[in-house]
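Summary of structural features
Spelled out, the chains give:
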Amino acid sequence: LYFTRFSQSSNTARYVGGTAESLWAYCHNEALAVPLTKDYRGTSKRSQVMKLKGLGQYLLFLSDRIQQDGKWVPSTMNLWAMALPSQNDLYQNAGPPILSEPVQLTQVSCEFNGMHLREYTLDPVTNNVVIRIGADMHLLKSESIKQILQSHRKLNEDDDEVVNDYDIESEVDDDSISEGDDDDDDDDDVVCRDGIF
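These notes cover the structure that comes with them. (Residues numbered from 1 in each chain as written. Predicted model: local features only at pLDDT ≥ 70, side-chain atom pairs only at ≥ 80, totals over all residues. Heavy atoms only, no water.)

Quick word on the overall build of the protein chain
The following threshold applies: For helices the rule is a DSSP run of H or I covering at least 4 residues; for strands it is a run of E covering at least 2, with both sets numbered from the N terminus onward. When accessible area is computed with a 1.4 Å probe and restricted to protein chains, residues below 20% of their type maximum are described as buried, those above 50% as exposed, and intermediate ones as partly exposed. The contact definition used throughout considers only heavy atoms, calling two residues in contact when any of these lie within 4.5 Å. In short, Shrake-Rupley with a 1.4 Å probe defines the accessible areas, and a residue's cover is counted only from the protein chains shown.
When helices and strands are counted, the protein chain shows 3 helices and 11 strands. Helices and strands appear in the protein chain in the N-to-C order β-β-β-β-β-β-α-β-α-β-β-β-α-β. The buried share among the 197 residues of the protein chain stands at 42%. Here the analysis covers contacts within the protein chain between residues at least 6 apart in sequence; of these, 55% occur between residues at least 24 apart. When the accessible surface of the protein chain is split by element, carbon and sulfur atoms take 44% of a total near 11100 Å².

Structure follows, in structure tokens:
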């Protein structure tokens, strides 16, 4: 079971503190739940499990983190993926849980003037993901997600830089989407990477 602890009622951007939303895991027959995003004091929320043939299972989630100088710091809300840990990884006796490094799947501030990714949904049959940025819906195809995760895995194995192009489509239905009061924060300090939006 994966869940968000401390669900926020506000849309505060870049909040870091004691009541920031965080992801937790609980396995049947265990005494306690285990924090999955303890390494970042900001927001991590809305988890969904994605099963990718040949790559295994991943936990998708929203987080407003970015890594700078080896530390997680607040930034724009994006979609992330983390390889699912086993029950043994979560509940090892000798120390903290063994967790994989989260992989950033989107970087919306580069393409959308600093607007945050507000929500997403996963199609469990196709593994395509629909994301909402402002009032617009965008499609992130499963092939693109697999390519990002494979590139990340290759980078970790080879320590070489890999440049990729990802196929992202825009699906907008003006009649079914209403304008929200989304942040239009400027992220002047964000460096955009090729291939991720």
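A short note on the sheet that holds strand E6 (residues 71-83)
In a beta sheet, neighbouring strands are held together by backbone hydrogen bonds and run either parallel or antiparallel to one another. Counted only if it meets this: One requirement defines pairing of two strands: DSSP has to find at least two bridges between them.
Read from one edge of the open sheet, 4 strands run E4-E5-E6-E7, paired in antiparallel fashion. In this open sheet, the two edge strands, each paired with only one partner strand, are strand E4 (44-52) and strand E7 (103-104). Bridge analysis of E6 against E7 gives 2 bridges, and the strand direction is antiparallel. When the sheet's bridge partners are listed, Trp80 is paired in E7 with Gln104.

Topic: the packing of aromatic side chains
Basically, it comes down to this: For Phe, Tyr and Trp, where Trp contributes only its six-membered ring, two rings pair if their centres lie within 6.5 Å, and the inter-plane angle classes them as stacked under 30 degrees, edge-to-face over 60, or tilted in between. Remark: a charge is flagged as sitting over a ring if the NZ atom of Lys or the CZ atom of Arg is within 6 Å of the ring centre and within 35 degrees of the ring normal.
Scanning all chains against the criterion turns up 1 aromatic pair. Between the aromatic rings of Trp72 and Trp80, the centroid separation amounts to 5.5 Å while the plane-to-plane angle is 85°, which identifies the pairing as edge-to-face. It is Arg65 that lies over the ring of Trp72; its NZ or CZ is 4.7 Å from the centre. One residue, Arg65, lies across the ring of Trp80, its end atom 5.9 Å from the ring centre.

So, the environment of Asn78
Keep this limit in mind: In the analysis that follows, any N or O atom pair within 3.5 Å is treated as a polar contact, provided that within protein one partner can donate a hydrogen and the other can accept it, and provided that, for residues neighboring in sequence, both atoms belong to side chains.
Mapped onto the secondary structure, Asn78 falls in strand E6. By relative accessible area, which is 2% here, Asn78 ends up buried. One polar contact links the side chain of Asn78 to the main-chain amide nitrogen of Gln107, over a distance of 3.2 Å.

A few points about the pairing of E6
Sheet topology places strand E5 (residues 56-68) next to E6; 10 bridges connect them, and they run antiparallel. Opposite Arg65, over in E6, you have Pro74 as the bridge partner. In this antiparallel pair of consecutive strands, E5 and E6, the connection spans 2 residues, and Asp69 shows a positive phi of 55°.

What to know about the sheet that holds strand E3 (residues 34-35)
Taking strand neighbours across the sheet as the criterion, the 3 strands line up as E1-E2-E3 in an open arrangement whose pairing is antiparallel. Edge positions in the sheet fall to strand E1 (2-5) and E3, since each of these pairs with one other strand and no more. Sheet topology note: the E1/strand E2 (residues 22-25) ladder contains 4 bridges and is antiparallel. The partner of Arg5 across the bridge, within E2, is Ser22.

Concerning the nonpolar core
The nonpolar side chains of a soluble globular protein tend to be buried, and buried together. Note the threshold: By convention a nonpolar core is built from buried Ala, Val, Leu, Ile, Met, Phe, Trp, Tyr and Cys residues, the set being connected through side-chain atoms within 4.5 Å.
With 24 residues, the main nonpolar core has Leu60, Leu79, Leu105, Val129, Ile145 and Leu149 as its most contacted residues. Elements represented by at least two residues in this core include exactly E4, E5, E6, strand E8 (117-122), strand E9 (129-133) and helix H3 (142-158). Grouped together as the second largest cluster of nonpolar side chains are 13 residues, Leu23, Val34, Trp80 and Tyr91 included.

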